[in-house]
Amino acid sequence: MKGILARGLSLAAAPTFALMAAVSAAADGGAQSMTCSMHNSALSGMVSMYALMSAFHFQPWLKVMGRRRSEARAA
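Residues numbered from 1 in each chain as written. Predicted model: local features only at pLDDT ≥ 70, side-chain atom pairs only at ≥ 80, totals over all residues. Heavy atoms only, no water.

Right, let's talk about the packing of aromatic side chains for a bit. Enumeration over the complete set of coordinates arrives at one aromatic pair. Ring plane angle 15° and centroid distance 6.5 Å describe the contact between Phe-17 and Tyr-50, whose orientation is recorded as stacked. Note that Phe-17 is positioned in helix H1 (residues 2–27) and Tyr-50 in helix H2 (residues 46–56), a separation of 33 residues in sequence. One exposure class covers both Phe-17 and Tyr-50, and it is buried. (Phe/Tyr/Trp six-rings, centres within 6.5 Å; stacked < 30°, edge-to-face > 60°. Helix = DSSP H or I, 4+ residues; strand = E, 2+ residues; numbered from the N terminus. Buried < 20%, exposed > 50% of the residue type's maximum accessible area, 1.4 Å probe, protein only.)

Interhelical geometry of H1 versus helix H3 (residues 59–74) gives an angle of 110° and a closest axis separation of 8 Å. Overall, the two elements H1 and H3 adopt an arrangement that is roughly perpendicular. Note on element contacts: H3 touches H1 through Pro-60, Trp-61, Val-64 and Arg-67, opposite Arg-7, Ser-10, Leu-11, Ala-14 and Pro-15. For the contact of H1 with H3, the per-class residue count stands at six nonpolar, one polar and two charged. (Axes fitted to C-alpha atoms, helices over the stretch in contact; angles between N-to-C directions. Parallel < 35°, antiparallel > 145°, perpendicular 65-115°, else oblique. Contact = heavy atoms within 4.5 Å. Nonpolar A, V, L, I, M, F, W, Y, C, P; charged D, E, K, R; others polar.)

Judged by side-chain polarity, Phe-58, Trp-61, Leu-62 and Met-65 come together as a nonpolar surface patch covering roughly 370 Å² of accessible area. Topologically, Leu-62 is positioned in helix H3. (Patch = residues over 30% accessible without salt bridge, like charges linked within 9 Å, V, L, I, M, F, W, Y side chains within 5 Å. Areas by Shrake-Rupley, 256 points an atom, 1.4 Å probe, with all protein chains shown as cover. Salt bridge = Lys/Arg side-chain N within 4 Å of Asp/Glu carboxyl O.)

To continue, consider the side chain of Ser-24. Relative to the helices and strands, Ser-24 is located in helix H1. With a relative accessible area of 14%, Ser-24 lands in the buried category. Once you skip the residues sitting within four places of it in the chain, Ser-24 turns out to touch Met-46, Val-47 and Tyr-50.

This paragraph deals with H3. If you check H3, its first and last C-alpha atoms are 23 Å apart, about what 16 residues at 1.5 Å a residue would give, namely 22 Å. Little of H3 sits inside the fold, with one of its 16 residues counted as buried. (Expected span 1.5 Å × (residues − 1).)

Glancing now at H2. Within the span of H2, buried status applies to Met-46, Val-47, Ser-48, Tyr-50 and Ser-54. Contact partners of the buried residues in H2: H1.

This next bit is on the nonpolar core. In this structure, Ala-13, Phe-17, Ala-21, Met-46 and Tyr-50 together form the largest nonpolar core, which totals five residues. Elements supplying a minimum of two residues to this core: H1 and H2. The element best represented in this core is H1, accounting for three residues. (Core = buried A, V, L, I, M, F, W, Y, C linked by side-chain atoms within 4.5 Å.)

This is the structure we're talking about:
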């Protein structure tokens, strides 16, 4: 049960962060929010933070896609 929950959470992370990035972008009117940053760089703001978090948490999806591709080749 513990493994199933951990796998489900790992698969839920990337889409959740992507959704949060989209909601943050819509709420800011596309502009980056400066409330969470100390610098005025391209990677500042909540939208960029959520987009990067989504990218970093995409690995479980790559494993699932790779597994399905290898199963399709074997069949």
